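Results of the structural survey
Next come the chains, spelled out residue by residue.
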Amino acid sequence: MSKAGVDQDLIRQLAALLKETDLSEIEIDTGSLKLRVARQVNQVSVPVAMQAAPVAAAPAAVAAPVSDAANPGALTSPMVGTTYLAAEPGAAPFVTLGTKVSAGQTVLIIEAMKTMNHIPAHRAGTVTKILVEDGQPVEFGEPLVIIE
């Protein structure tokens, strides 16, 4: 397409929209015209590097959950989702500290993709630690409770 056939004002408007909305790319297709405007965003700057030192200190504070994950009694999350300690708001929790559980007994629920998944105890024992709070998001493999 020749330079004369391109709507320069439209391109400028789309470029301004990219900058305004922090998008990296916009594509429009009207049938007779297909136009893609993209920008490359480089966010390497000195202030970001300065922030790296405080962020590096965070793993030291997170060292306690790592030891919980290594505990053989740790029940870990089988999925990413949101934890619920009770069957519904206001109901009694499935387990509390000191609760004796049997293998297969529901310990909590993880909601993933609008599905409530009952998480069973992986072994019989006593709940000695509850490592999550009601409504807390969890990652795959994150320790949830310790059953000893």
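Summary of the structure given here.

Moving on to the sheet that holds strand E6 (residues 106-112). Strand order in the open sheet made by the four strands is E7-E6-E4-E9, with antiparallel pairing throughout. On the outer flanks of this sheet lie strand E7 (115-120) and strand E9 (137-138), each paired with one strand and no other. Of the pairings in the sheet, the one linking E6 to E7 comprises six bridges and is antiparallel in character. Across the sheet, the residue bridging to Ile110 is Asn117, located in E7.

As a further point, take the nonpolar core. With 14 residues, the main nonpolar core has Val107, Leu108, Leu144 and Ile147 as its most contacted residues. Residue assignment for this core shows that the elements contributing at least two residues are E6 and strand E10 (143-147). When near neighbours in sequence (up to four residues on either side) are disregarded, Leu108 contacts Tyr84, Leu85, Phe94, Asn117, His118, Ile119, Val132, Leu144 and Val145. By size, the runner-up hydrophobic cluster in this structure holds five residues, among which are Leu14, Ile26, Leu35 and Val37.

Right, let's talk about the pairing of strand E1 (residues 25-29) for a bit. For E1 and strand E2 (residues 34-38), the ladder comprises five bridges, and the chain directions are antiparallel. Within E2, the residue paired with Glu25 across the bridge is Ala38.

The rules behind these values
- Residues numbered from 1 in each chain as written.
- Predicted model: local features only at pLDDT ≥ 70, side-chain atom pairs only at ≥ 80, totals over all residues.
- Heavy atoms only, no water.
- Pairing = 2+ DSSP bridges.
- Helix = DSSP H or I, 4+ residues; strand = E, 2+ residues; numbered from the N terminus.
- Core = buried A, V, L, I, M, F, W, Y, C linked by side-chain atoms within 4.5 Å.
- Buried < 20%, exposed > 50% of the residue type's maximum accessible area, 1.4 Å probe, protein only.
- Contact = heavy atoms within 4.5 Å.

Taken by themselves, the reported measurements are silent on function.
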